[in-house]
Amino acid sequence: MLPASIREELRAIVGAKNCLDKQEALVAYSYDATPMQQALPDVVVMPKSTTEIQQVMRVAARHHIPIVTRGAGSNLCGGTIPVGGGIVLVLSQMNQIVEIDEQNLTITVQPGVRTVDIHQAVEAIGLFYPPDPGSMVISTIGGNIALNSGGLRGLKYGTTKDYVLGLEAVLPNGEVIRTGGKLMKDVAGYDLTKLLVGSEGTLAIITEAILKLIPKPQTQRVMLAMFADMAQAARSVSDIIANRIIPGTLEFLDQGTIRVVEDFKQIGLPTDVAAILLIGQDGEPQTVDRDMEQIAAICKKNAAVQIKVATTVEEADEVMTARRSALAALSRMRPTTILEDATVPRAAIAPMVAAIQEITERYGLQICTFGHAGDGNLHPTCMTDARNTEEIERVEHAFEEIFAAAIDLGGTITGEHGVGIVKAPYLEWKVGAAGMEIMKGIKHAFDPHNLLNPDKMFAKQSRNRVVVQRA
Amino acid sequence: MLKEALEKKLDYDELSNCMRCGFCQPACPTFRETGYEAASPRGRIALMKAVADGVMEPDKDFVDQMNLCLGCRACEPVCPAGVPYGQLIEQTREAIEEAQEHPWWVKAVRRLAFFHLFPHQKRMYQLGGLLRFYQRSGVQKAVRKLGVLSILPKQMREMEAIIPEASSKGIVDYFGGTVIPAVGERKYRVGMFHGCIMDVLFNETNRNTVRLLSEAGCEVIIAPDQVCCGALHAHSGEREQARHLARKNVAAFHKADVDFIVSNAGGCGAMLLEYDHLLAKDALWQEKAQWFASRVKDISEVLTRLVEPKEWQSLSQRITYQSSCHLRNGMKVTKEPVSLLQAIPGATYVQLREGDRCCGSAGIYNLVQPEMAGSLLDEKMGHVAATQADILVTSNPGCLLQMKAGIHQAGLEGKMEAVHIVDLLARVQQEEKPLSPLE
């Protein structure tokens, strides 16, 4: 509980309407989209300007109060749970598009702008902001930057980090820094822009961003390819890339997911196939047509049992339904849905899917896998019930083994969701003890009193690495 | 007290099914208006769960937040996990109602409306007669002239201004019987659900409904023992009374042995469609309720199957459509009304931007939450004006009144009219001959 005098100070900065400590507000900002994570803050503060954020930050620094910055709360790593109480700083009122610069092809935005609003604003004038995280209809750009969000277009167009050119941010001492700019080249000192992207609100509070835009692709087409064998699907993925084709979309569903989707939607998916690839290309019409033909030929060569190329918008919509319904279908099966994002080099997809299946069976769980085949970013999704503590314990062990398997295959514990609370115990597995030390040093340089999003990224204790015995 | 009531009523499994992805938020009118997490479906479910988990006390803020919800259920179709939010908010309101101590006069008004008025159709007609007297005898004119109405709050005055001419007779009286034969070959035997307010304030729409059904080849049974659907009761926390009404309706239409039960009001239809849920724990009625629910259809669904728009008269006007939330989100009927409108020869159909968003009427919401309802309506009328339509079509009486009020407020009177879809279709369909009952 914060002393009344501090709450009074905060209220004086942002106004009573934007400084809430009633029960309702504390509960409403106690969670994000991460299952089984919840903690009440002491106060919810909703600033409207960088200056107000500086003033709030100074109050917090003076009294050593933690600040958890938050947008829509759509992340899946517990990144915005106020585990140590303190202030939840909600930036949703800072939601203005400051400028679209058609000369420099940039857009300048406040952190509370929704990702989908950026898409619509730039696409209306023939421009394109490619990062498209699954939660883009609600997620805000500040959250995307803080967590370096990915999405379906990652393979061809990269992720959020590839589009952030410059940032304005408030440091834990209340000072403002500006990094980068409307510049394609800038080597003046350390690249603080890239450092802040994906820093999960632990280093500074992002208050404005300059993003890179590109011309909007003229057309896009999609197709489905079904395989009786996971290895054939994986080989098709490798062959497409080896043929110098980088598809705009390259998604996959495993058999478990296909069955659940078909059960839920009845869209005529064959439930005996082992994998479905959803492949899309965008660009100049001629190039797209040529690429689609080649891709279809490659899939056929790899024994695809069925190929459906969409020729109309309606057909494209139908083709996309399977992938789009995946999460919906899976989440209806059981009360709790845990969506993970273990990631491997794309050549290792087949062994990774096999490892997940083996682990799932050994622990007697329901885990289905879908995800971004093109960039090796898999979403093993566990359907469980948070109230069943015995089962949840098995789920934890299974995921531990899945992370370990990903690392063994040259992969990582998280491809696009972030570390937050849920991956913190495993971070050392990926970056090593020396990596942890240097990261902690960076954190200390920015935030010596550990005020910004404490308890995230760095766990009190790392997990012991599980040793997986596999035949 | 409220805490115990909530614990008893809330379906904890469904609360747990919310995975907090937040996909409901862009669809929620009150979230979009406020940007405040607690004023979103995800937020409200989190508050319900926090109470059930003992994390918070259900205080006044809690109750206010639950009342701010329009109940439009736009969050349901976009929910990946299929959480039945509408049921959760009704369970919450039922608990609030049970625990709440109203002042004596609120209690009296609620009792009068929910128990002594809406459930008794004869009294509704008597009230309709009184209203008709008020409207026709010159009293209304005098009252308006004397400025007596200024004692009423603004939103009530606006309603007084747009309320249609009431009827003291129901459609059964009008047709002089309860069985209207099909014109031509009989394709279906359908039950007509006439509604309580519909039959008094929108009696003409009901008559047109019977006519359209009959001319489309339906034998229309206006089941004589039917009563109010209970939607207003359920939305206001009187679920027990809603169950009581549901049993009466199930019995009335079961006896009539019909292929479909047709509604022309999205709000009623969505309620009728959920009688199986409402009576799920009632061993005696469960099965019949399922029979009933599986037969409920909106008029637009039945007409889409049966009518031949080629025979319609040409109508060279611009038409736009504001959908009823409960027709869309409750009954899941989205395409049929639009395809009927698009089929009208000569007419130009213009899509209304955000025509799938609540207009703010939401039962009696516009009377109890005037501020939020007002800002939703202002936004809505901006989009409506942009369509430059001559006719604004709706599919529910509440929405129709709200749209009439919106046109009045936005100064669009004379340029645009709000019409129920049934009345518009009746306009383009040439009348064959006056209908008469079988009996």
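Counting from 1, residues in each chain are numbered in the order their sequence is written. Key to labels: chains lettered from A, ligands numbered from 1, both in the order written. With pLDDT at 70 or above as the cut-off, local features in this predicted model cover only qualifying residues; side-chain atom pairs require 80 or more to be listed or tallied, and sums for whole chains, interfaces and linings still use all residues. The side-chain values count all of the structure's non-hydrogen atoms but skip hydrogen atoms and water molecules.

In the annotation of an unreviewed UniProt entry, the entry for chain A reads Putative FAD linked oxidase, and the organism field reads Brevibacillus brevis. UniProt positions are given in the numbering used here, feature names are shortened, and annotations may be inferred rather than shown by experiment. In the Cofactor (unreviewed entry) part of its UniProt record, chain A is described as follows: "FAD". What UniProt states about chain A under its Sequence similarities (unreviewed entry) heading is, verbatim, "Belongs to the FAD-binding oxidoreductase/transferase type 4 family."

A. Highlighting the overall build of chain A. Runs of H or I in DSSP of at least four residues are treated as helices and runs of E of at least two as strands, each being numbered from the N terminus. Helix and strand counts for chain A come out as 14 helices and 18 strands. We take the radius of gyration over the C-alpha atoms and set the globule estimate at 2.2 Å times the residue count to the 0.38 power. Since a compact globule built from 471 residues should have a radius of gyration of about 23 Å, the 23 Å found for chain A is in line with a globular shape. Projected onto the principal axes, the alpha-carbon positions of chain A cover approximately 70 × 60 × 40 Å. Taking all 471 residues of chain A together, the buried fraction comes to 59%. Across chain A, contacts joining residues at least 24 apart in sequence account for 72% of those joining residues at least 6 apart. On chain A, roughly 19000 Å² of surface is accessible, and the fraction owed to carbon and sulfur atoms is 52%. Distance between charge centres in chain A, computed from 44 positive and 54 negative side chains, equals 1 Å. A 1.4 Å probe rolled over the protein chains alone gives each residue an accessible area, and that area as a share of the maximum for its type sets the label: buried under 20%, exposed over 50%, partly exposed in between. Residue contacts are defined here by distance: any two heavy atoms, one from each residue, within 4.5 Å place the two residues in contact. The protein chains shown are the only cover counted for residues, whose accessible areas, like all others here, come from Shrake-Rupley with a 1.4 Å probe. A positive count includes Lys and Arg, and a negative count includes Asp and Glu. His and the chain ends are not counted in either. Each charge is placed at NZ for Lys, CZ for Arg, CG for Asp and CD for Glu.

B. Just the overall build of chain B, in detail. A count of helical and extended segments in chain B gives 25 helices and nine strands. In terms of overall dimensions, chain B is globule-like: its C-alpha atoms have a radius of gyration of 22 Å, near the 22 Å expected for 439 residues. Judged by the C-alpha coordinates and their principal axes, chain B covers about 65 × 50 × 45 Å. Within the span of chain B, comprising 439 residues, buried residues form 59% of the whole. Taking as baseline every contact in chain B between residues at least 6 positions apart, the subset at least 24 positions apart corresponds to 80%. Counting only carbon and sulfur atoms, one obtains 53% of the accessible surface of chain B, whose full area is about 18600 Å². Here chain B contributes 51 positive and 53 negative side-chain charges, whose respective centroids are spaced 3 Å apart.

C. Local environment of the interface of chain B and chain A. Listed per partner, the contact involves 31 residues of chain B and 32 residues of chain A. Reported buried area values correspond to the accessible surface (1.4 Å probe) lost by two parts on association, with both partners' losses combined. In total, about 2400 Å² of surface goes out of reach between chain B and chain A, with carbon and sulfur atoms giving 54% of it. Per-residue buried area on chain B facing chain A is highest for Met19(B), Arg20(B) and Tyr36(B); these three make up 24% of the total on that side. Throughout this description, a polar contact denotes any pair of N or O atoms lying within 3.5 Å of each other; where both atoms belong to protein, one of them has to be capable of donating a hydrogen while the other can accept it, and for residues adjacent in sequence the pair is counted only when both atoms sit in side chains. Counting across the interface, chain B meets chain A through 12 residue pairs in polar contact (both at pLDDT 80 or more). Take the side of chain B that touches chain A: its biggest share by element is five residues, from helix H4 (residues 41-52) of chain B. When residues are sorted by character, Ala, Val, Leu, Ile, Met, Phe, Trp, Tyr, Cys and Pro go into the nonpolar class, Asp, Glu, Lys and Arg into the charged class, and all the rest, Gly among them, into the polar class. In terms of residue class, the side of chain B that touches chain A is made up of 16 nonpolar, eight polar and seven charged.

D. Quick peek at empty space enclosed by the protein. All names here are of chain B. Using a grid of 1 Å spacing that covers the protein atoms alone, one calls a set of points a cavity when a 1.4 Å probe fits there but cannot get out, and a pocket when the set is open and has protein on both sides within 12 Å along at least five of seven lines; lining residues are those with an atom within 4 Å of a point. Grid points are joined across faces, edges and corners, and a volume is the space filled by probe spheres set on the points. Per the stated rule, a full pass over the model turns up three cavities of 30 Å³ or more. Computed from the structure, the largest cavity encloses a volume of approximately 130 Å³. Looking at the largest cavity, it is lined by 16 residues, and the ones nearest its centre are Cys 18, Cys 24, Ile 45, Cys 79 and Val 83. In terms of residue count, H4 provides more of the lining of the largest cavity than any other element does, three residues in total.

E. How the structure looks around the domain arrangement of chain A. Residues and elements named next belong to chain A. For the domains described, the bounds stem from an automatic or database domain assignment. Looking at the assigned domains, one finds that chain A contains domain 1 (4-90), domain 2 (97-215) and domain 3 (219-409). The gap between the C-alpha centroids of domain 1 and domain 2 is 23 Å. A combined buried area of about 1200 Å² lies between domain 1 and domain 2, and 66% of that area is made up of carbon and sulfur atoms. It is Thr 50, Met 57 and Ser 74 that lose the most area in domain 1 upon contact with domain 2, and together they represent 35% of the buried surface on that side. We count a salt bridge whenever a side-chain nitrogen from Lys or Arg sits within 4 Å of a carboxyl oxygen from Asp or Glu. The partner of Arg 58 in a salt bridge is Glu 175, and the shortest N-O contact between them spans 3.4 Å. Counting every contact that joins domain 1 to domain 2 gives four residue pairs in polar contact (both at pLDDT 80 or more). Among the elements that take part in the side of domain 1 that touches domain 2, helix H3 (residues 50-63) stands out by supplying six residues, more than any other. Broken down by class, the residue content of the side of domain 1 that touches domain 2 amounts to seven nonpolar, six polar and one charged.

F. Main features of the side chain of Lys297(B). Residues and elements named next belong to chain B. Note that Lys 297 resides in strand E5 (residues 296-298). Among buried charged residues, Lys 297 stands out as having no salt bridge; its nearest opposite-charge side chain is Glu 301, 4.7 Å away. Beyond its immediate stretch of four places on either side in the chain, Lys 297 contacts Phe 260, Ile 261, Val 262, Ser 263, Val 302, Arg 305 and Met 331.

G. Looking closely at helix H13 (residues 203-215) of chain B. Residue and element names in this part refer to chain B. The span one expects for a helix is its residue count, reduced by one, times 1.5 Å. Here H13 is 13 residues long and its end C-alpha atoms lie 18 Å apart, about the 18 Å a rise of 1.5 Å per residue gives. Within H13, 11 of the 13 residues are buried, which leaves the element mostly enclosed by the surrounding structure. For H13, every residue scored as buried is listed here: Asn 203, Thr 205, Asn 206, Asn 208, Thr 209, Val 210, Arg 211, Leu 212, Leu 213, Ser 214 and Glu 215. Backbone geometry just downstream of H13 places Gly 217 in the positive-phi region, at approximately 105°.

H. Representation of the pairing of strand E5 (residues 97-101) of chain A. Residues and elements named next belong to chain A. At least two bridges found by DSSP between two strands are what make those strands a pair. Relative to strand E6 (residues 106-109), E5 runs antiparallel, the two sharing four bridges. By the bridge assignment for E6, Ile 100 is matched with Ile 107. Once E5 ends, the chain turns through four residues before running back antiparallel as E6, passing Leu 105 with a positive phi of about 50°.

I. Geometry of the nonpolar core. The definition of a nonpolar core used throughout is a set of buried Ala, Val, Leu, Ile, Met, Phe, Trp, Tyr and Cys residues joined through side-chain atoms within 4.5 Å. Grouped together as the largest cluster of nonpolar side chains are 100 residues, with contacts concentrated most on Val220(B), Tyr275(B), Phe292(B), Ile344(B) and Leu424(B). Each residue touching Phe292(B), except ones within four places of it in the same chain, is listed here: Asn249(B), Val250(B), Phe253(B), Ile261(B), Leu272(B) and Tyr275(B). Leu20(A), Ala5(B), Cys69(B) and Cys358(B) belong to the second-largest nonpolar core, a separate cluster that totals 51 residues.

J. Region of the structure containing the layout of surface pockets. Residue and element names in this part refer to chain A. A volume near 840 Å³ is recorded for the second largest pocket. For the lining of the second largest pocket, the elements supplying multiple residues, two or more each, are helix H6 (154-157), helix H7 (192-196) and helix H14 (427-446). In terms of residues, the lining of the second largest pocket owes the most to one element, H14, which gives six residues. Taken together, the residues of the lining of the second largest pocket sort by class into 13 nonpolar, 17 polar and seven charged. Counting residues domain by domain, the lining of the second largest pocket receives three or more from each of domain 2 (97-215) and domain 3 (219-409).

K. Broad picture of the UniProt feature "domain: FAD-binding PCMH-type" (unreviewed entry) in chain A. Mapped onto this structure's residue numbering, the UniProt feature "domain: FAD-binding PCMH-type" (unreviewed entry) falls at residues 37-216 of chain A. Helix makes up 22% of residues 37-216 of chain A and strand 24%, whereas the separation of the span's terminal C-alpha atoms amounts to 39 Å.

L. Structural context of the sheet that holds strand E17 (residues 367-372) of chain A. Residues and elements named next belong to chain A. Across the sheet, which stays open at both edges, the seven strands sit in the order E15-E12-E14-E13-E17-E18-E16 with antiparallel pairing between neighbours. Both outer strands of the open sheet, strand E15 (304-309) and strand E16 (336-339), are each paired with one neighbouring strand and no more. Averaged over neighbouring strand pairs, the angle between their axes works out to 15° when direction is ignored. Both E17 and strand E18 (residues 377-384) contribute to a ladder of six bridges, which runs antiparallel. Bridge pairing in E18 places Gly 371 opposite Leu 378. Between N-to-C directions, angles span 0 to 180 degrees; the directions come from axes that are lines fitted to C-alpha atoms, helices contributing only their stretch in contact. Relative to E18, helix H13 (residues 389-408) is tilted by about 165°, and along the sheet it contacts E16, E17 and E18.

M. Quick peek at the environment of Ala405(A). All names here are of chain A. Here Ala 405 is to be found in helix H13. Since its relative accessible area comes to 1%, Ala 405 is described here as buried. With 46 residues separating them in the primary sequence, Ala 405 and Ile 359 have C-alpha atoms 9.7 Å apart.

N. Local environment of the sheet that holds strand E4 (residues 87-90) of chain A. Residue and element names in this part refer to chain A. On the basis of which strands lie adjacent, the open sheet formed by four strands has the order E1-E2-E4-E3 and mixed pairing. Each end of this open sheet is capped by a strand with a single partner; those strands are strand E1 (19-20) and strand E3 (67-70). Here E3 runs beside E4; their pairing, made up of four bridges, is parallel. Considered in E4, the bridge of Thr 69 is made with Leu 89.

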